[in-house]
Amino acid sequence: MFIKLLIIFTLVPLFELYLLIEAGRTIGIGATILLVLLTGIAGAWLARSQGVEILRRIQSETAGGRMPPETLLDGALILIGGLLLLTPGFFTDLLGFSFLAPFTRKLWRRVLSVWIQRQLQRGTITVHRS
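Please read all numbers here as calculations on a predicted model, not as lab measurements.

Q: Help me out: how do you make sense of the layout of surface pockets in this one?
A: Regions of empty space are outlined by a rolling probe, equal in size to a water molecule, passed over the atoms. Computed from the structure, the largest pocket encloses a volume of approximately 740 Å³. Counting residues per element, the ones that place at least two in the lining of the largest pocket are helix 1 (2-27), helix 3 (69-86), helix 4 (90-100) and helix 5 (102-122). Broken down by class, the residue content of the lining of the largest pocket amounts to 15 nonpolar, two polar and two charged. Estimated volume of the second largest pocket: approximately 280 Å³. Every residue along the wall of the second largest pocket is listed here: Met67, Pro69, Glu70, Leu73, Ser113, Ile116, Gln117 and Leu120. Of the residues that constitute the lining of the second largest pocket, the class distribution is five nonpolar, two polar and one charged.

Here's what the structure looks like:
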């Protein structure tokens, strides 16, 4: 677990810094800053619109007496995608957008579903019913 956290909190920001410096050299500092701001604004709009839609689907499914596992996973991915878009940088923005775009989010949902199923089978996570 320590190694995973080290990678997330150390190597990813260093990689982002490298990408930002290279972008600044290639397209200029002003254009790089503008691009980071524009992706942040676009990401915030996309996260909000996708999040509102997911909340509506969750409410509709639970009101109909159905448990919405896929929709809940979509909601988690949208939340993570929105958080990634708050982090300045191109790599995290690309990853965040992939969590927000419906087509790629569907692929991530499959990956997350398989991961959750494996964790349940191993007993790493448990579900308690009330």
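Q: Quick question: what am I supposed to make of helix 1 here?
A: For an α-helix, 3.6 residues make a turn, and residues three or four places apart therefore share a direction. The first and last C-alpha atoms of helix 1 sit 37 Å apart over 26 residues, in line with the 38 Å expected at 1.5 Å per residue. Of all bends in helix 1, the biggest is about 30 degrees, found at Ile8. In this structure, the buried residues of helix 1 make contact with helix 2 (29-63) and helix 4.

Parameters at a glance
Residues numbered from 1 in each chain as written. Predicted model: local features only at pLDDT ≥ 70, side-chain atom pairs only at ≥ 80, totals over all residues. Heavy atoms only, no water. 1 Å grid on protein atoms, 1.4 Å probe; cavity = no way out; pocket = protein on both sides within 12 Å on 5 of 7 lines; lining within 4 Å. Points joined across faces, edges and corners; volume = space filled by probe spheres on them. Helix = DSSP H or I, 4+ residues; strand = E, 2+ residues; numbered from the N terminus. Nonpolar A, V, L, I, M, F, W, Y, C, P; charged D, E, K, R; others polar. Expected span 1.5 Å × (residues − 1). Bend = angle between axes of the 7 residues up to and from the residue. Contact = heavy atoms within 4.5 Å.

Read these as spatial facts, not as claims about activity.
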